[in-house]
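Chain by chain, the residues:
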Amino acid sequence: METLAMHISNGIINGPVAAVFAVIALAAMAYCVRRGRQDLDDRLAPMAGLVAAFIFAVQMLNFPIFTAGVSGHLLGGALAAMLVGPWVGALCVAVVLVVQALVFGDGGVAMLGLNITNMAVIGLGVAYLLIALLLRVLPRTPAGLAITAFVSALVSVVVAAMGFVLQYQLGGTTDLGENLAGLAGTMAVSHLFIGIGEGLITATTVVTVAKVRPDLVYALRALKPAAPATVPTVGGVR
Amino acid sequence: MGAGHAHVLYRETDSPVHRLPPEVKIAAMVAFTIAVVATPREALWAFGAYALLVAAVAALARVTAGWLLLRSTIELPFVLFAVALPFIGAGERVDVAGVQLSVDGLYGAWNIVAKGTLGVWASLLLAATTSTRDLIVGLDRLRCPQILIQIATFMLRYLDVLVGEARRMRLARISRGDDPRFVWQLRGFAAGIGALFLRAFERGERVYLAMLSRGYTGRLPTVWQGSAAATTGQWLIAATVPVMAATVAATAAVLT
C-alpha cells in the first residue's frame, strides 16, 4: 500500500507556534465533545464511524502536485459537516488525524494541534457556515443540494490550505522571505484542483445518500422540522 | 477480518515492547516526539543520539531496519519540500558546488528531514508493536473522551466494512464487463462512490444494531481489556526512552 503524508510533519513549524495551536485545537475539540454528545444518537453513532472511516480511506489518496513537494489530498470536512453535523464532524476528522499521526506517522504528533486546527476546526467551520447559508438560499432540489456540497467542499479545502500558509508565516522554521507568497500561491492553486475533486465526491455522495435515506443527512434535519414521523418498521429496517 | 482487526503495520510477534501496556507506549511515544521537536536544529549530535534510541527500541521490538526504512517513504512529500528550501529560502547565502544556497534554508531542510524522520520512526514503532484494538484501549485508559473513543472504535471497525464493500462492488463491475483501470473511467468511480457509501452504511448500521441488541452501551467491551492497566514498574520502564530523549534535548538547548 503506497501511502504518502500530507499533514504537517514534525519540524516544519516551530515549537511555540505549534503549542499555541495545540491549545486552540484542544479548546475547540473540548467544545465539540460537549456539543457532540447531544447529537450522537442511535442513527448518528454508526454514521460518525463510517464518515470517519470514509475520510480515513479517502485521505490515503494523495495527489503530489507540481514538483516543489507540495502535495495534497481530500479532506472530507464538508462531507462530515453534511452528514453528521459540525460538532461530531469535527470530532470525526480529529479522530482520523490522531490515529494517522499515532500509527501511520502521517503528520507529526507534535504538530497535531496545527493539523486539527486546519482540517477539523477551520475546514469544518467554513464548510458548515457555507452549508447553512447555501441550503437556505438555494432551492431545495437535488441540484441545490449538490451545489451546496460542491461549493462548501471546494471553499473549505482552499481555506484550510490557507490556514497552513498562515501558520507557516507565524512560525515556519525557515524564513522564505518573498517566496512565502509563492508558497501561498502554489497551495491555493493546488488545493483549488483538490477542492474540485473533493467537491465532486462530496456532492455525489451526499446526493445519493439524500435520495435514498434523507433521514441520514444531518444538514437536512434542521430544515425539515415538520418531516413525517417515521413509522417503526416491523421486522427491522432493511 | 476477524483477526482482531489488526492493521497493516502491526507486526505479529512477541517482544518486551509488544508486552508493554498500550497507554504506556502512547505516552512514551508522544513525549519522545515532543523532546525531538524541541531540540535546537544546530545540535546535530542530538539527532544522532535520538536515532540510537530509536534503533535500540526497534531492536528490542524485533523490528528490522529495512521495514522501518521502507515504511518511512510516507514522509516523502515533505522531504521534497525540504529539498526545495535551500533554493527558495531567504537570507544569507553560501556557495555549494557553484550553486548559491540559503544557509537558513539548509538548516530548515535538515530540521524537517531529521525531526520528521524521527517522528515517523517513533510512530511506526508504536504501530508495529500495538494492534489497533490495543491502541483504542490505551487511549481509553489515558482518559480520552468517550465520544472520541466511540468514533475511533467504529471507524476502525467500518474500515474493514468499507474495504470489503468496495471489493464486492469492483468485482460486480468487472463481472459485468467494465474495465475500471483508466483515468477516463473516473466517472464510473464517482458514480459508484455514493452507492459504496450507502451500502457500507447500511451494513454498518446492521452491525451497530446487532451490537446494541447484544448489550452494547457505548463502553468498550471488557474482554478487550485483555491486559491489566499498566503498573508503576511498566510506566518506569517505558519512561526511560523519553527521559533520555529529554536529557539530550535539555543538554542540546544549554550547549547551543
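Since this is a predicted model, take the numbers as computed values, not measurements. Throughout this document, residue positions are counted from 1 along each chain, in the order its sequence is written. All chains are assigned letters beginning at A, and all ligands numbers beginning at 1, according to the order in which they are written. Thresholds applied to this predicted model are a pLDDT of at least 70 for local features of residues and 80 or more for the giving and counting of side-chain atom pairs; totals over whole chains, interfaces and linings are not thresholded and use all residues. Excluding hydrogens and water, the side-chain figures rest on all heavy atoms present in the structure.

1. Regarding the interface of chain B and chain A
Here is step 1 of the chain: Across the contact, 60 residues belong to chain B and 67 residues belong to chain A.
Here is step 2 of the chain: The contact between chain B and chain A buries some 5,500 Å² in all, and 76% of this surface belongs to carbon and sulfur atoms.
Here is step 3 of the chain: Any Lys or Arg side-chain nitrogen located within 4 Å of an Asp or Glu carboxyl oxygen qualifies as a salt bridge. Of the charged contacts in the structure, one is a salt bridge between Glu-202 of chain B and Arg-213 of chain A, with a shortest N-O distance of 3.3 Å.
Here is step 4 of the chain: Under this definition, polar contacts are N or O atom pairs within 3.5 Å; protein pairs additionally need one hydrogen-donor-capable and one acceptor-capable atom, and for neighbouring residues in sequence, both atoms have to be side-chain atoms. Scanning the region where chain B abuts chain A turns up 2 residue pairs in polar contact (both at pLDDT 80 or more).
Here is step 5 of the chain: Helical segments are the DSSP runs of H or I of at least four residues, strand segments are the runs of E of at least two, and each set is numbered from the N terminus. Only helix H2 (22–38), helix H5 (76–88), helix H6 (103–129), helix H7 (132–141), helix H8 (146–175) and helix H9 (186–213) of chain B provide two or more residues apiece to the side of chain B that touches chain A. The contact definition used throughout considers only heavy atoms, calling two residues in contact when any of these lie within 4.5 Å. Two parts placed together each lose some accessible area; with a 1.4 Å probe, that loss summed over both constitutes the buried area.

2. Quick word on the nonpolar core
Here is step 1 of the chain: Put simply, buried Ala, Val, Leu, Ile, Met, Phe, Trp, Tyr and Cys residues joined by side-chain atoms within 4.5 Å make one nonpolar core. The classification of residues rests on relative accessible area computed with a 1.4 Å probe and restricted to protein chains. Under 20% of the type maximum is buried, over 50% is exposed, and intermediate values are partly exposed. Of all hydrophobic cores here, the largest spans 124 residues; its most connected members are Leu-83 and Val-84 of chain A together with Tyr-50, Leu-68, Ile-151, Met-155 and Phe-197 of chain B.
Here is step 2 of the chain: It is helix H3 (residues 77–104) of chain A that provides the largest number of residues to this core, a total of 21 residues.
Here is step 3 of the chain: Taken domain by domain, this core gets at least three of its residues from each of domain 1 (16–138 + 227–255) and domain 2 (146–224) of chain B.
Here is step 4 of the chain: Beyond its immediate stretch of four places on either side in the chain, Met-155 of chain B contacts Gly-49, Ala-52, Ala-53, Phe-56, Val-95, Val-96 and Val-99 of chain A.
Here is step 5 of the chain: Residues Ile-13, Val-17 and Tyr-168 of chain A together with Ala-109 of chain B belong to the second largest nonpolar core, which totals 23 residues. Each domain's extent is set by a domain assignment, obtained either automatically or from a database.

3. Examining the confidence of the model for chain A
Low-pLDDT portions of the prediction should not be read for the details of their coordinates.
All names here are of chain A.
Here is step 1 of the chain: For chain A, per-residue confidence averages 78 on the pLDDT scale, and 82% of positions sit at 70 or higher.
Here is step 2 of the chain: Within chain A, the lowest mean pLDDT, 50, falls on strand S1 (residues 62–64), and the highest, 88, falls on helix H4 (residues 112–137).
Here is step 3 of the chain: Here residues 225–229 is a poorly scored stretch, pLDDT under 50, and it has 0 contacts once near neighbours within four places are set aside; other chains count. A score from 0 to 100, pLDDT tells how confident the predictor is in each residue.

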